[in-house]
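# Examination of the molecular architecture
Each chain is listed here by its residues.
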Amino acid sequence: MLDPRYVWIDGCFDFTHYGHAAAMLQARQTIAPGDLPSRLFAGVHSDAEIAHHKGAPPVMEEEERYMHVQHIRWVDEIVKDAPYVTEPAVLDYYACQYVVHGDDITLDAEGHDCYQEVKDLGRFQVVKRTCGVSTTELIQRMLDGPRPQAPMEPVDASTLRLFATARDGFSPWCWVFDGTLDRCLVEGGFVWEPQAAVYVEDNFDLFHAGHIERLARVRDIAGAERLVVGVQAAPNAYMTLRERVLGVLSCDAVDAVVVAPAAGVTAELRSFCLHDPALNGVFAGLTSSAIAARVTAQRNRYAARNRAKGIVS
Ligand code: CTP
C-alpha cells in the first residue's frame, strides 16, 4: 500500500554537500508537518553503480557516503546500493508514493533519463536545485588549491533557519550563534541550557564522515545532552564559511552552531577536543587534505590513461 507520507530521494551524494542536504530538506518538506507517521528514505548508489553509469567512480567511497547521508537530520532511513535507474518496484517496496529530485536531468549509461518510468507514472516531484555547489565544482576547487576567502562572509538568516529545522523540516531545532553565545542568529526548538552541552570546534572543511563520526562520539564520551559546534573562520579552506556552517547544521548530531567562534566561547561551555585520539573510529584517516589528495590522484590516473590512448588533454 503506497503512502504519500513516505518519500524517496536517491543519488550519488558524492561529498554529500549542502546542496544535497537542501534537496533532502525539500523532500522532507513535501510531507505536511504533523502528518505522522512519515518517512524520508534516501537511496544511495554504490561506487560500482556510479562507475558503471557515470564512467568514473565517486571521490567519496560508498561507506563514507552512506555514513554521511544517514546523519542528515531530515533522512529517516538510508537504502544502500540503490539502483541508479529509479525503479517503481523499489518505491513500492518502501511504500513510497513518489520520488523527489532536483530540477536537473540524470542520465544512465545509455543516455536515458533515470526517472522516465516514475515520471510516466506520475510518481516524480521536482525540487529546486541549489546553485553554486556541485561535485564537479568541489573537485575543481581541490585541483586549483584552497582559495583565499573573506573570513566573515555573511550567512543569510533565512537559509540558516531552514537548515536549523528539526527532523520534520519545519519546526525549529538547532540554535545558531554569531561569534559568541550572546549573539543569537536563530532560536532553537529546545530550552537553551549551556550546562547540559558540550562544545567542540574545527573548520569542518569538506564536512565529511570523519567529522560526523567524531561529533557523534563526543556526545557519547562526554555524556552530554546537547552538542554545540563552533565552525571556525578558515581563510584557506576549500569551502566558504557559509558552506561549512550549512553542512554542519544539516547533521543530526548537532544541536547548536557558533559561526566563527570568538576565543571566549570555550570558557563558557564544557569543551572537548575534536582531535582527541579517543574519538578515532573507522573514518579516522579522513581529512580534507586526504580527500584533496584522492582528487589529484584520480586526475593523474585519467591523464595517464588518456596519454596511453593518445588523447591530448
Ligand atoms: N542536488 C541539488 N543541488 C545540487 C546538487 C544536487 O539539489 N547543487 C540534488 C540533485 O538534483 C538530486 C540529488 O541532489 O536530486 C542527488 O544528486 P546526485 O545524484 O548526487 O548528483 P548531482 O545532481 O550530479 O550532484 P552533484 O552535481 O553535486 O554531483
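Residues numbered from 1 in each chain as written. Predicted model: local features only at pLDDT ≥ 70, side-chain atom pairs only at ≥ 80, totals over all residues. Heavy atoms only, no water.

### Brief notes about the packing of aromatic side chains
The tally for this structure, following the rule as stated, stands at 12 aromatic pairs. Ring centres of Phe 41 and Tyr 94 lie 5.1 Å apart, and the angle between their planes is 50°; on these two criteria the pair is classed as tilted. Placement of Phe 41 in strand S2 (residues 39-44) and of Tyr 94 in the loop between helix H4 (88-93) and strand S4 (96-102) is noted, with a sequence separation of 53 residues between them. Ring centres 6.0 Å apart and planes at 45° place the aromatic pair Trp 175 and Trp 192 in the tilted group. Of this pair, Trp 175 sits in strand S6 (residues 175-178) while Trp 192 sits in the loop between strand S7 (184-186) and strand S8 (197-202), placing them 17 residues apart in sequence. For Trp 175, a relative accessible area of 12% gives the class buried. (Phe/Tyr/Trp six-rings, centres within 6.5 Å; stacked < 30°, edge-to-face > 60°. Helix = DSSP H or I, 4+ residues; strand = E, 2+ residues; numbered from the N terminus. Buried < 20%, exposed > 50% of the residue type's maximum accessible area, 1.4 Å probe, protein only.)

### Focus: empty space enclosed by the protein
A complete count under the given rule lists 2 cavities of 30 Å³ or more for this structure. Put simply, the largest cavity is a space of about 70 Å³. Lining of the largest cavity is provided by Phe 15, Thr 16, His 17, Tyr 18, Ala 21, His 68, Ile 72, Phe 207, Met 239, Glu 243, Gly 247 and Ser 250. Those elements giving two or more residues to the lining of the largest cavity turn out to be helix H1 (18-29) and helix H9 (241-249). Of the residues assigned to the lining of the largest cavity, the class counts are 6 nonpolar, 5 polar and 1 charged. Mapping the lining of the largest cavity onto the domain boundaries places at least three of its residues in each of domain 1 (3-144) and domain 2 (157-282). Among the elements that make up the lining of the second largest cavity, the one with the highest residue count is helix H3 (residues 62-70) (3 residues). Tallied by class, the residues present in the lining of the second largest cavity amount to 6 nonpolar, 3 polar and 2 charged. Residue contributions to the lining of the second largest cavity reach at least three from each of two domains, namely domain 1 (3-144) and domain 2 (157-282). (1 Å grid on protein atoms, 1.4 Å probe; cavity = no way out; pocket = protein on both sides within 12 Å on 5 of 7 lines; lining within 4 Å. Points joined across faces, edges and corners; volume = space filled by probe spheres on them. Nonpolar A, V, L, I, M, F, W, Y, C, P; charged D, E, K, R; others polar. Domains from an automatic or database assignment.)

### Description of the UniProt feature "domain: Cytidyltransferase-like" (unreviewed entry) in the chain
Taking the numbering used here, the UniProt-annotated feature "domain: Cytidyltransferase-like" (unreviewed entry) corresponds to residues 9-141 and 203-267. Across residues 9-141 one finds 35% helix and 18% strand; the C-alpha atoms that close the span lie 27 Å apart. Structurally, residues 203-267 is divided into 40% helix and 15% strand, and its ends, taken at the C-alpha atoms, are 19 Å apart. (UniProt positions renumbered as here; feature names shortened; annotations may be inferred.)

### Quick word on the pattern of salt bridges
All told, the structure shown has 14 salt bridges when counted by the stated rule. The closest approach of N and O atoms between Asp 76 and Arg 28, which form a salt bridge, is 2.2 Å. Here Asp 76, found in the loop between H3 and strand S3 (77-80), pairs with Arg 28, found in helix H1; they are 48 residues apart in sequence, far enough to count as distant. Each of the two residues, Asp 76 as well as Arg 28, counts as buried. Measuring nitrogen to oxygen at the nearest pair gives 2.3 Å for the salt bridge that ties Asp 255 to Arg 219. One end of the pair, Asp 255, is in the loop between H9 and strand S10 (256-259); the other, Arg 219, is in helix H8 (residues 209-222), and 36 residues separate them in sequence. Relative accessible area serves as the criterion here: at 3%, Asp 255 is assigned to the buried category. (Salt bridge = Lys/Arg side-chain N within 4 Å of Asp/Glu carboxyl O.)

### Points about the domain arrangement of the chain
The domains assigned to the chain are domain 1 (3-144) and domain 2 (157-282). Counting from both sides, the interface comprises 26 residues of domain 1 and, opposite them, 29 residues of domain 2. With both chains or domains summed, domain 1 and domain 2 bury close to 2300 Å², and 62% of this area falls on carbon and sulfur atoms. It is Tyr 18, His 71 and Arg 73 in domain 1 that bury the most area against domain 2; as a group they hold 34% of the surface buried on that side. (Contact = heavy atoms within 4.5 Å. Buried area = accessible area lost by both parts, 1.4 Å probe.)

### Concerning the site of the ligand
Lining the immediate surroundings of the ligand are 16 residues, of which His 17, Asp 104, Arg 129, Val 133 and Thr 135 lie closest. Contacts to the ligand include Asp 104, whose side-chain N or O atom sits 2.6 Å from an oxygen atom. Separating a nitrogen atom of the ligand from a backbone N or O atom of Thr 130 is a distance of 2.8 Å. When the ligand is considered free in solution it has 560 Å² of accessible area, and contact with the protein chains removes 92% of it. (Near = heavy atom within 4 Å. Polar contact = N/O pair within 3.5 Å; in protein donor to acceptor, adjacent residues only side chain to side chain. Areas by Shrake-Rupley, 256 points an atom, 1.4 Å probe, with all protein chains shown as cover.)

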